[in-house]
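Overview (structure and organization)
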Amino acid sequence: MEISCMEQTNQSYDGKIHKVLRYEYSGYMNQKFFGLDIITADSTDNRISYLFLIESNSDLLELAEIGQAVKKENGNDYFELTLKNGISKTFKVPDCEK
């Protein structure tokens, strides 16, 4: 089940990165955007999909890998990504309105 943008912003979840999406079918999209497909720990039917601008989130694109833990607390506009070395790094949730 895909979750709407407002639900993604307002909810808390623990999950793992299922896919790092690159839009290779389109030169424009591939140069400008990437996505994260996250499956929440409560169910494999619950997916969170974020779309990011590469320009302002290149560090996230470099660090994100399939299987990494992702945690977001209710009401926060950021999420934590647990890196391979066990250190957590914080990233802003994309703005739904843009």
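In what follows, the structure referred to is the one given above.
Throughout this description, residue numbers start from 1 for each chain and increase along the sequence as written. In keeping with the model being predicted, local features are shown solely for residues with a pLDDT of at least 70 and side-chain atom pairs are shown and tallied solely at 80 or more, while totals for entire chains, interfaces and linings include all residues. Excluding hydrogens and water, the side-chain figures rest on all heavy atoms present in the structure.

1. Overview of the nonpolar core
Basically, it comes down to this: Nine residue types can take part in a nonpolar core, namely buried Ala, Val, Leu, Ile, Met, Phe, Trp, Tyr and Cys, and a core is a set of them joined through side-chain atoms within 4.5 Å. Burial classification: accessible surface area is computed with a 1.4 Å probe over protein chains only, and a residue below 20% of its type maximum counts as buried, one above 50% as exposed, and the rest as partly exposed. In DSSP terms, a helix is any run of H or I states spanning at least four residues, a strand is any run of E spanning at least two, and both are numbered starting from the N terminus.
Counting 17 residues, the largest nonpolar core has Leu36, Tyr50, Leu60 and Phe79 as its most contacted members. The set of elements that each furnish at least two residues to this core consists of strand S1 (13-22), strand S2 (33-40), strand S3 (47-53), helix H3 (54-63) and strand S5 (78-82).

2. A closer look at the packing of aromatic side chains
The condition is simple: Aromatic pairs are defined between Phe, Tyr and Trp rings, using the six-membered ring for Trp, whenever the two ring centres lie within 6.5 Å; interplanar angles under 30 degrees are classed as stacked, those over 60 as edge-to-face, and all others as tilted.
In this structure the tally under the stated criterion is five aromatic pairs. Plain terms: the ring middles of Tyr50 and Phe52 are 6.0 Å apart, the flat faces sit at 70 degrees to each other, and that makes the pair edge-to-face. Neither Tyr50 nor Phe52 differs from the other in exposure class; each is buried. Centre to centre, the rings of Tyr50 and Phe79 are 5.7 Å apart; their planes meet at 20 degrees, and the pair counts as stacked. Of this pair, Tyr50 sits in strand S3 while Phe79 is found in strand S5, placing the two residues 29 residues apart along the sequence. The exposure class of Tyr50 is buried, given its relative accessible area of 4%. Assessed through its relative accessible area of 0%, Phe79 is described here as buried. Through a chain of ring-to-ring contacts, three or more aromatic side chains come together here, namely Phe34, Tyr50, Phe52, Phe79 and Phe91.

3. Regarding the pairing of S5
Under the convention used in this document: Being paired, for any two strands, means DSSP has found at least two bridges between them.
Of the two faces of S5, only one is covered, namely that formed by Phe79 and Leu81; the face formed by Tyr78, Glu80 and Thr82 stays uncovered. Bridging between strand S4 (residues 69-72) and S5 involves two bridges; their strand directions are antiparallel. Bridging from a neighbouring strand, Val70 pairs with Leu81 of S5. The hairpin turn running from S4 into S5, its antiparallel successor, is five residues long, and Gly75 in that turn takes a positive phi close to 85 degrees. Connecting S5 to the next strand, strand S6 (residues 88-92), in antiparallel fashion are five residues, including Gly86 with a positive phi near 90 degrees.

4. As for H3
Spelled out, the test is: For this quantity, the arc is that covered by the directions from the helix axis to the C-beta atoms. Contacts: residue pairs with any heavy atoms within 4.5 Å of one another.
Buried within H3 are the following residues: Ile54, Asn57 and Leu60. Looking straight down H3, one finds its buried side chains confined to an arc of 110 degrees; they lie on one side. The exposed residues of H3 that point more than 90 degrees off its buried face are Glu55 and Glu62. Looking at the packing, one finds that the buried side of H3 touches S1, helix H2 (27-32), S2, S3, S5 and S6.

5. A few points about the side chain of Lys72
Stated precisely, the cut-off is as follows: Counted as positive: Lys and Arg. Counted as negative: Asp and Glu. His and the chain ends are not counted at all. Here a salt bridge means any side-chain nitrogen of Lys or Arg lying within 4 Å of a carboxyl oxygen belonging to Asp or Glu. Identification of polar contacts relies on pairs of N or O atoms within 3.5 Å, with a donor-acceptor requirement for protein atoms, meaning one able to donate a hydrogen and the other able to accept it, and with residues adjacent in sequence counted only if both atoms are side-chain atoms.
Among the structural elements, Lys72 can be located in strand S4. This buried residue, Lys72, is left without a salt bridge; Asp77 holds the nearest opposite charge, at 8.0 Å. A polar side-chain atom of Lys72 sits 3.1 Å from the main-chain carbonyl oxygen of Asn76.

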